[in-house]
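# Secondary and tertiary structure notes
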Amino acid sequence: MYKIAAFIKFNKSFENIVLLQKDKIKKKFGKQIYLDHPVHLTLFTLNIKKITTLRNIYNDEKIHKKERKLKIEINSTGIFANDPLTKGHTLFYSIKKNLLLKSLQMKHLKLINKKIKVFKQNSNIFKNSILKKNYNKYGFPFAGKIWIPHVTTASIKNINENNSFISNFLKKKINQKILIKNIEFYRISKNKHYFLFKTNVS
């Protein structure tokens with residue numbers, strides 16, 4: 001079984017903003033969760049049996065025939081306080097509400113689940129009924145309306161939510177408008193990300 005992820009990557013301008021913030025966190029708080037992850041927006045992660053079957057889906061000419069650009073706007077900072085996935089405070093850059101982005105996520109989740117077997121483990125770990133339903137249906141809990149598109153910097157443990165560093169981060173002003181052409185697929189193993197292929201935003 002392989003864990004794969006669909007990412008949206010960004011231009012150097014925004015990437016450098018995030019990397020600078022990651023560096024500040026590392027200098028002040030040391031090693032933290034997500035600090036060593038590449039700058040990206042996660043559309044979804046899934047567990048599948050074979051990488052080749054995933055590649056075959058995206059080798060279909062019908063998918064590659066359509067080519068368009070997706071405009072994404074990063075307009076604020078945010079926090080998942082007491083993040084249940086990390087037991088820390090997860091700081092992120094927020095994506096402005098974008099129906100095309102949510103539609104893109106659902107299109108590819110449905111496509112993959114239709115074409116190949118997606119492994120779904122114990123959904124009882126999700127207390128929220130929507131998360132549980134999404135996981136049982138797609139293999140990814142944060143699908144559709146409940147998904148909050150964001151770009152994570154790090155998840156910081158053992159500090160108070162009212163820490164001045166967090167307060168200052170949440171006050172940051174940002175307004176980045178970025179055109180996206182591709183979705184990139186990665187294999188994830190032991191917290192490492194291995195590039196597989198990319199496909200058009202369509």
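If you're wondering where the values come from, they're calculated on a predicted model, not measured in any experiment. (Residues numbered from 1 in each chain as written. Predicted model: local features only at pLDDT ≥ 70, side-chain atom pairs only at ≥ 80, totals over all residues. Heavy atoms only, no water.)

### Some points on unusual backbone geometry
Backbone geometry places Asn82, a non-glycine residue, at a positive phi of 50 degrees. Inspection of the secondary structure puts Asn82 in strand E3 (residues 70-83). By relative accessible area, Asn82 is classed as exposed at 55%. In this structure, Asn158 takes a positive phi of about 60 degrees despite not being glycine. (Helix = DSSP H or I, 4+ residues; strand = E, 2+ residues; numbered from the N terminus. Buried < 20%, exposed > 50% of the residue type's maximum accessible area, 1.4 Å probe, protein only.)

### With respect to helix H1 (residues 12-29)
End to end, H1 covers 25 Å across 18 residues, agreeing with the expected 26 Å (1.5 Å per residue, within 8%). Regarding H1, the residues found buried are Phe14, Glu15, Val18, Gln21, Lys22, Ile25 and Phe29. Across the axial projection of H1, the buried residues extend over an arc of 130 degrees, all falling on one side. Every exposed residue of H1 that faces more than 90 degrees away from the buried side is listed here: Lys12 and Lys27. On the buried face of H1, the contacting elements are E3, strand E4 (88-95), strand E5 (150-156), helix H6 (164-170) and strand E6 (176-180). Gly30 sits one or two positions beyond H1 and adopts a positive phi of about 75 degrees. (Expected span 1.5 Å × (residues − 1). Arc of directions from axis to C-beta. Contact = heavy atoms within 4.5 Å.)

### As for the sheet that holds E4
Strand order in the open sheet formed by 4 strands is E5-E4-E3-E6, and the pairing between neighbours is antiparallel. If you trace the sheet from one side to the other, it starts and ends with E5 and E6, each paired once. On average, each strand axis in the sheet is tilted by 35 degrees relative to the strand beside it, whichever way the strands run. Along the sheet face, H1 touches E3, E4, E5 and E6 and points at about 5 degrees away from the line of E5. (Pairing = 2+ DSSP bridges. Axes fitted to C-alpha atoms, helices over the stretch in contact; angles between N-to-C directions.)

### Some thoughts on the sheet that holds strand E8 (residues 192-200)
Strand order in the open sheet formed by 4 strands is E2-E1-E7-E8, with antiparallel pairing between adjacent strands. Across the chains shown, the open sheet's two edge strands, defined by having one partner strand only, are strand E2 (41-48) and E8. Direction aside, neighbouring strands of the sheet carry axes that sit 25 degrees apart on average. Here strand E1 (residues 2-8) pairs with strand E7 (residues 182-189) via 5 bridges, running antiparallel. Residue pairing in the sheet places Phe7 in a bridge with Glu184 of E7. The strands that helix H2 (residues 51-58) touches are E1, E2, E7 and E8; relative to E8, the one it contacts most, it runs at about 20 degrees. Docked against the sheet, helix H4 (residues 99-115) engages E1, E2, E7 and E8, running at close to 10 degrees with respect to E2.

### As for the pattern of salt bridges
Following the criterion strictly, the structure yields 4 salt bridges and no others. Between Lys9 and Glu184 there is a salt bridge, and its shortest N-O distance comes to 4.0 Å. Of this pair, Lys9 sits in the loop between E1 and H1 while Glu184 sits in strand E7, placing them 175 residues apart in sequence. Judged by its relative accessible area of 25%, Lys9 falls in the partly exposed class. Given a relative accessible area of 17%, Glu184 falls into the buried group. For Lys96, the salt bridge goes to Glu73, with nearest N and O atoms at 3.8 Å. With Lys96 in the loop between E4 and H4 and Glu73 in strand E3, the pair connects residues that are 23 residues apart, well separated along the chain. (Salt bridge = Lys/Arg side-chain N within 4 Å of Asp/Glu carboxyl O.)

### A look at the packing of aromatic side chains
This structure, assessed with the given rule, holds 12 aromatic pairs. A ring pair is formed by Phe140 and Phe142, whose centres lie 5.9 Å apart and whose planes are at 70 degrees; its orientation type is edge-to-face. Under the relative-accessibility criterion, Phe140 is labelled buried at 7%. Taken together, the ring pairs in this structure connect Phe10, Phe14, Tyr93 and Phe169 into an aromatic cluster. It is Lys28 that lies over the ring of Phe29; its NZ or CZ is 5.9 Å from the centre. (Phe/Tyr/Trp six-rings, centres within 6.5 Å; stacked < 30°, edge-to-face > 60°. Lys NZ or Arg CZ within 6 Å of the ring centre and 35° of its normal.)

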